[in-house]
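# Results of the structural survey
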Amino acid sequence: MRKVIGIGETVLDIIFKDNQPIGAVPGGSVFNGVISLGRAGVDATFISEAGNDRVGRRIIDFLRENGVNADNVSIYPDSKSPISLAFLDEANNAEYIFYKDHPHDQLDFAYPDVAEGDVVMFGSFYAVNPVIRPQVVAFLEYARSRGAILYYDVNFRESHRTDLIRVTPNILENLELADIVRGSTEDFGVMFRKTDPDAIYRSEVSFYCRNFICTQGSGPVAVRGEGGFAKEYPVEPTDTVSTIGAGDNFNAGLVYGMLRHGITRADIARGLSQAQWDSMVGCAQLFAADCCRSIGNSIDPAFGAAMKAALAGE
């Protein structure tokens, strides 16, 4: 069975509506997607670190409760788990304030088993953070050498604009390592001062990676691929409770679709067909829409059970 290995940050998201807390959910960009994959019956592992506190213990328990292997989440004696405050506006979009114990950024882990056809998901500032960059890039290069598919969600937000110059070499290295790159127009506006998907792909991404997905909020998903593939996928309106995790679950759904429909690294290298892109993006949109219907950061467990049955061919 093919596996998915996520590498990223852990955080406790405290969610506010009308300036009052309405929920607290373990999260993190790649974390949210990996939780959804665990709920959908995928063999998933998460690599990270957590604080030596009640929040850190809850994060590890949460991974295991949702079927995700947490053996590669390291706990450091003097560290505190990061906290995020997410304030929902009238449209249920979130504005964030992060509280992080930056002096204790570190990463030290034993590599999980990686086999040909497995998928590694990475992204956000965690994937370019200079403090842990040597460990992250060493693992990505190892996974690539083992025949894994590398899926990179750039997820580079305005709060890190001042870091852009020093981490740009890491971003470009990630683009080159990746088999598929995804980002939002918001990300690319910060990184490249461009929001047109074709301009971003042509001038910033295609030299490094030929398979590119640009999400545009409620606008169409733009896909550009090997062999000149180009298609826009409209986004169906949905009753949104919270957009937290929407992009993370788009990633999870795309990877789920890759596994469910037997799409391999060789397929990606020679150029995916329209039917293959359609199947993956279709799953991605289902996962993202389901996530938006609750204040959880991942797909609903009932939806996950249905996806698990479909994956098993039931």
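Use the structure listed above.
Figured I'd write up the structure that's included with this text.

Cut-offs used in this document
- Residues numbered from 1 in each chain as written.
- Predicted model: local features only at pLDDT ≥ 70, side-chain atom pairs only at ≥ 80, totals over all residues.
- Heavy atoms only, no water.
- Core = buried A, V, L, I, M, F, W, Y, C linked by side-chain atoms within 4.5 Å.
- Buried < 20%, exposed > 50% of the residue type's maximum accessible area, 1.4 Å probe, protein only.
- Contact = heavy atoms within 4.5 Å.
- Pairing = 2+ DSSP bridges.
- Helix = DSSP H or I, 4+ residues; strand = E, 2+ residues; numbered from the N terminus.
- Axes fitted to C-alpha atoms, helices over the stretch in contact; angles between N-to-C directions.
- Patch = residues over 30% accessible without salt bridge, like charges linked within 9 Å, V, L, I, M, F, W, Y side chains within 5 Å.
- Areas by Shrake-Rupley, 256 points an atom, 1.4 Å probe, with all protein chains shown as cover.
- Salt bridge = Lys/Arg side-chain N within 4 Å of Asp/Glu carboxyl O.
- Lys, Arg positive; Asp, Glu negative; His and termini not counted.
- Charge placed at Lys NZ, Arg CZ, Asp CG, Glu CD.
- 1 Å grid on protein atoms, 1.4 Å probe; cavity = no way out; pocket = protein on both sides within 12 Å on 5 of 7 lines; lining within 4 Å.
- Points joined across faces, edges and corners; volume = space filled by probe spheres on them.
- Nonpolar A, V, L, I, M, F, W, Y, C, P; charged D, E, K, R; others polar.

## Description of the nonpolar core
- V119, I213, L254 and W277 are the most contacted members of the largest nonpolar core, which has 50 residues in total.
- Beyond its immediate stretch of four places on either side in the chain, I213 contacts Y151, I180, V181, R182, G183, V221, A222, V223, F250, L254 and W277.
- Core analysis: the second largest hydrophobic core is formed by 41 residues, Y126, L140, I171 and A222 among them.

## Some thoughts on the sheet that holds strand β2 (residues 11–17)
- One open sheet accounts for four strands, arranged β3-β2-β6-β7; its pairing is mixed. Because the sheet does not close on itself, it has two edges, and the strands there are β3 (20–27) and β7 (94–99). The sheet shows a mean angle of 20° between the axes of neighbouring strands, taken without regard to direction.
- Bridging between β2 and β3 involves seven bridges; their strand directions are antiparallel.

## Things to note about a negative patch on the surface
- Where like charges cluster on the molecular surface, the negative patch consists of D18, D89, E90 and E95.
- Its place among the elements puts D18 in the loop between β2 and β3.

## Some points on the sheet that holds strand β4 (residues 43–51)
- In space, the nine strands of this open sheet follow the order β5-β4-β1-β8-β9-β10-β11-β12-β13, with mixed pairing throughout. One side of each edge strand has no neighbouring strand; the edge strands of this open sheet are β5 (68–76) and β13 (229–233). Direction aside, the axes of adjacent strands within the sheet are offset by 15° on average.
- Contacting β1 (3–7), β8 (119–123), β9 (149–153), β10 (180–184), β11 (212–216) and β12 (219–225), helix α7 (residues 246–260) crosses the sheet at an angle of about 160° to β9.

## A word on the layout of surface pockets
- The calculated volume of the second largest pocket comes to roughly 160 Å³.
- What lines the second largest pocket is a set of 14 residues, and nearest its centre among them are A178, D179, R210, N211 and E226.
- Residue contributions to the lining of the second largest pocket peak at three residues, all from helix α8 (residues 265–270).
- Partitioning the lining of the second largest pocket into residue classes produces six nonpolar, two polar and six charged.

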